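What follows is the residue order along each chain.
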Protein chains: 2
Amino acid sequence: MDTPLTDQPDDTAPDAEEELRAGMEHLFFAYRDFIARPDRILTEYGFGRAHHRVIFFVGRYPGMAVRQLLDILQITKQSLSRVLRQLIREGYVEQRQGETDRRQRRLYLTRQGIELERRLSEDQRRRFARAYGAAGPDAVHGFRTVLDLMISGPPKGGGGG
Amino acid sequence: MDTPLTDQPDDTAPDAEEELRAGMEHLFFAYRDFIARPDRILTEYGFGRAHHRVIFFVGRYPGMAVRQLLDILQITKQSLSRVLRQLIREGYVEQRQGETDRRQRRLYLTRQGIELERRLSEDQRRRFARAYGAAGPDAVHGFRTVLDLMISGPPKGGGGG
DNA sequence: GCATATATGTCAATAACACTGACATATATT
DNA sequence: AATATATGTCAGTGTTATTGACATATATGC
């Protein structure tokens, strides 16, 4: 301990500083453990985390356009393209031309895709259910409140990121 | 909407199911926005997210052994090695031989490393501080409770992953 | 209709970050 | 002395991301 991190920042007391860092650390751990199991399942299919994200969001919002998915995932279309191509080729996702805007390729999970989604999210749902159940409704409400406040707004006026 | 995700799982009501998935989605968004700014700063240095993780944990736990860092990050030593070598070579992290166990190379941030850590975590601390402040102490307590319940225990008896 | 913008897709090259496997050294433990 | 642990390195590979360039189909503004 020669140069500990207690130089005192501009406006934060050391205790608050510690509380913030503890929160950051635990968010890291929670996310790390949240994705560990799906990551392992995905290797069976030759898929990666990116495939899971697509499966998750298309499952949650069927008929989603590619553009929306890009905005959510915040990756380039080239990155998404390869992943999406694989998922379509192997029968987990299908595309249908948009009805009002025929440039769009709206995305849907196939039966097979729905099955994979269930399998991937099983551990995650159980993990959430256990934590929610053990913590109780008030804690869950607090959890969601803080989580939502931490999310940047849409990048219209420069969200906060 | 031909095959919506309402097949009914084993033991969960559809509303609870929705609540869980909403939580999962928002955890994804929160984490995505949490790392966006540091990621951009890191490119200036030719570093990546892995460097940030090392900087963060070494800053938080000075004198940490390499083995501990590996357990926390849950990556292979080969992966850590490259990152750590860079950080040491460029003067952000230094190693000192352990006193009780001289096999260990204990890790410390240099002055330069501490500066970088501050810069990287600035947005993250502000983000947490804002969310904590706006949500209030009860919500923060609930947030931490749920987050902690979601983290797998140490992999002694098969933690939960 | 023409110009332009949007939605989507693809090719090529590159980088970050993870992996496995193999091997080496120093030190600790039994 | 044998074995285990802590650390490090070399080589090869795969996934996910990037940038840049270019192409097609469709929508929108004038």
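Owing to the predicted nature of the structure, the values given are computational and were not obtained by experimental measurement.

### Thoughts on helix 6 (residues 137-150) of chain B
Here helix 6 of chain B spans 20 Å end to end across 14 residues, near enough to the 20 Å set by a 1.5 Å rise per residue. Those residues of helix 6 of chain B not exposed but buried are B:Ala139, B:Val140, B:Gly142, B:Phe143, B:Arg144, B:Val146, B:Leu147 and B:Met150.

### Here we look at the relation of the copies chain B and chain A
Structural alignment of chain B on chain A gives an RMSD of 0.0 Å, achieved by rotating through 180° and translating 0.0 Å along the axis. Here the transformation between the copies is reduced to the relation of a two-fold axis. Across chain B, the smallest distance between a C-alpha and the rotation axis is recorded for B:Phe143, namely 1.8 Å. Interface overlap between copies is the fraction of interface residues in one copy that are interface residues in the other; for chain B against chain A it reaches 99%, indicating a shared surface.

### Notes on the protein's contact with DNA strand C
Taken together, 28 residues form the shell around DNA strand C, and within it A:Arg67, A:Lys77, B:Gly48, B:Arg49 and B:Arg53 come nearest. When atoms of DNA strand C within 4 Å of the protein are sorted by moiety, sugar and phosphate together comprise 60%. B:Ala50 is positioned with one of its backbone polar atoms (N or O) 3.2 Å from a phosphate oxygen of DNA strand C. Here B:Gln78 contributes a side-chain N or O atom positioned 2.8 Å from a base oxygen of DNA strand C. Secondary-structure elements contributing two or more residues to the surface near DNA strand C are helix 3 (66-73) and helix 4 (77-89) of chain A together with helix 2 (49-60) and helix 4 (77-89) of chain B. Broken down by class, the residue content of the surface near DNA strand C amounts to four nonpolar, 13 polar and 11 charged.

### Here we look at the confidence of the model for chain A
All names here are of chain A. In this model, chain A carries an average pLDDT of 87, and 86% of its residues clear a pLDDT of 70 or more. The secondary-structure element of chain A with the lowest mean pLDDT is helix 1 (residues 14-45), recorded at 92, while strand 2 (residues 105-109) shows the highest, at 97. Per-residue pLDDT stays below 50 along residues 1-10; that stretch engages in 13 contacts with residues further than four places along the chain or on separate chains. Segment residues 156-161: pLDDT under 50, and 12 contacts once partners within four positions in sequence are set aside and those in other chains are kept.

### Section: the interface of chain B and chain A
Contact residues are listed per partner, giving 68 residues for chain B and 67 residues for chain A. With both chains or domains summed, chain B and chain A bury close to 7,000 Å², and 64% of this area falls on carbon and sulfur atoms. For the pair chain B and chain A, the interface holds 10 salt bridges. Across the pair A:Arg118 and B:Glu17 runs a salt bridge whose closest N-O atoms are separated by 3.5 Å. Counting every contact that joins chain B to chain A gives 18 residue pairs in polar contact (both at pLDDT 80 or more).

### Overview of the protein's contact with DNA strand D
Surrounding DNA strand D, one finds 27 residues, the nearest of these being A:Gly48, A:Arg53, A:Ser79, B:Arg67 and B:Lys77. Backbone sugar and phosphate groups make up 60% of those atoms of DNA strand D lying within 4 Å of the protein. Between DNA strand D and the protein, one listed contact pairs a phosphate oxygen with a backbone N or O atom of A:Arg49 at 2.9 Å. One of the side-chain N or O atoms of A:His51 is found 3.5 Å from a phosphate oxygen in DNA strand D. Looking at the surface near DNA strand D residue by residue, the classes come out as four nonpolar, 12 polar and 11 charged.

### Points about unusual backbone geometry
Although it is not a glycine, A:Gln74 adopts a positive phi angle of roughly 55°. By relative accessible area, which is 47% here, A:Gln74 ends up partly exposed.

### Describing the packing of aromatic side chains
Taken as a whole and assessed by the stated rule, the structure comprises 26 aromatic pairs over all chains. Ring centres of A:Phe56 and A:Phe57 lie 5.0 Å apart, and the angle between their planes is 85°; this geometry places the pair in the edge-to-face category. No difference in accessibility class separates A:Phe56 from A:Phe57, as the two residues are buried. Among the aromatic residues, ring-to-ring pairing joins A:Tyr31, A:Phe34, A:Phe128, A:Tyr132, A:Phe143, B:Tyr31, B:Phe34, B:Phe128, B:Tyr132 and B:Phe143 into one connected group. Over the face of the ring belonging to A:Tyr108 we find A:Arg96, whose NZ or CZ atom lies 3.8 Å from the ring centre.

### Quick notes on the environment of B:Ala139
Here B:Ala139 is to be found in helix 6. Judged by its relative accessible area of 11%, B:Ala139 is buried. Setting aside residues up to four positions removed in sequence, B:Ala139 forms contacts with A:Gly142, A:Phe143, A:Thr145 and A:Val146.

### Side note on the environment of A:Glu90
All names here are of chain A. Tracing the chain through its elements places Glu-90 in the loop between helix 4 and strand 1 (93-97). A C-alpha to C-alpha distance of 9.4 Å links Glu-90 and Gln-112, two positions 22 residues apart in sequence. In this structure Glu-90 touches Tyr-45, Phe-47 and Gln-112, once residues within four positions along its chain are discounted.

### Focus on the pattern of salt bridges
Applying the stated criterion to the full structure yields 32 salt bridges over all chains. Members of the salt-bridge network, linked through shared partners, are A:Glu17, A:Arg21, B:Glu117, B:Arg118 and B:Arg125.

The rules behind the values
- Residues numbered from 1 in each chain as written.
- Chains lettered and ligands numbered in written order.
- Predicted model: local features only at pLDDT ≥ 70, side-chain atom pairs only at ≥ 80, totals over all residues.
- Heavy atoms only, no water.
- Helix = DSSP H or I, 4+ residues; strand = E, 2+ residues; numbered from the N terminus.
- Expected span 1.5 Å × (residues − 1).
- Buried < 20%, exposed > 50% of the residue type's maximum accessible area, 1.4 Å probe, protein only.
- Least-squares fit on C-alpha atoms with pLDDT ≥ 70 in both.
- Contact = heavy atoms within 4.5 Å.
- Near = heavy atom within 4 Å.
- Polar contact = N/O pair within 3.5 Å; in protein donor to acceptor, adjacent residues only side chain to side chain.
- Nonpolar A, V, L, I, M, F, W, Y, C, P; charged D, E, K, R; others polar.
- pLDDT = per-residue confidence, 0-100.
- Buried area = accessible area lost by both parts, 1.4 Å probe.
- Salt bridge = Lys/Arg side-chain N within 4 Å of Asp/Glu carboxyl O.
- Phe/Tyr/Trp six-rings, centres within 6.5 Å; stacked < 30°, edge-to-face > 60°.
- Lys NZ or Arg CZ within 6 Å of the ring centre and 35° of its normal.

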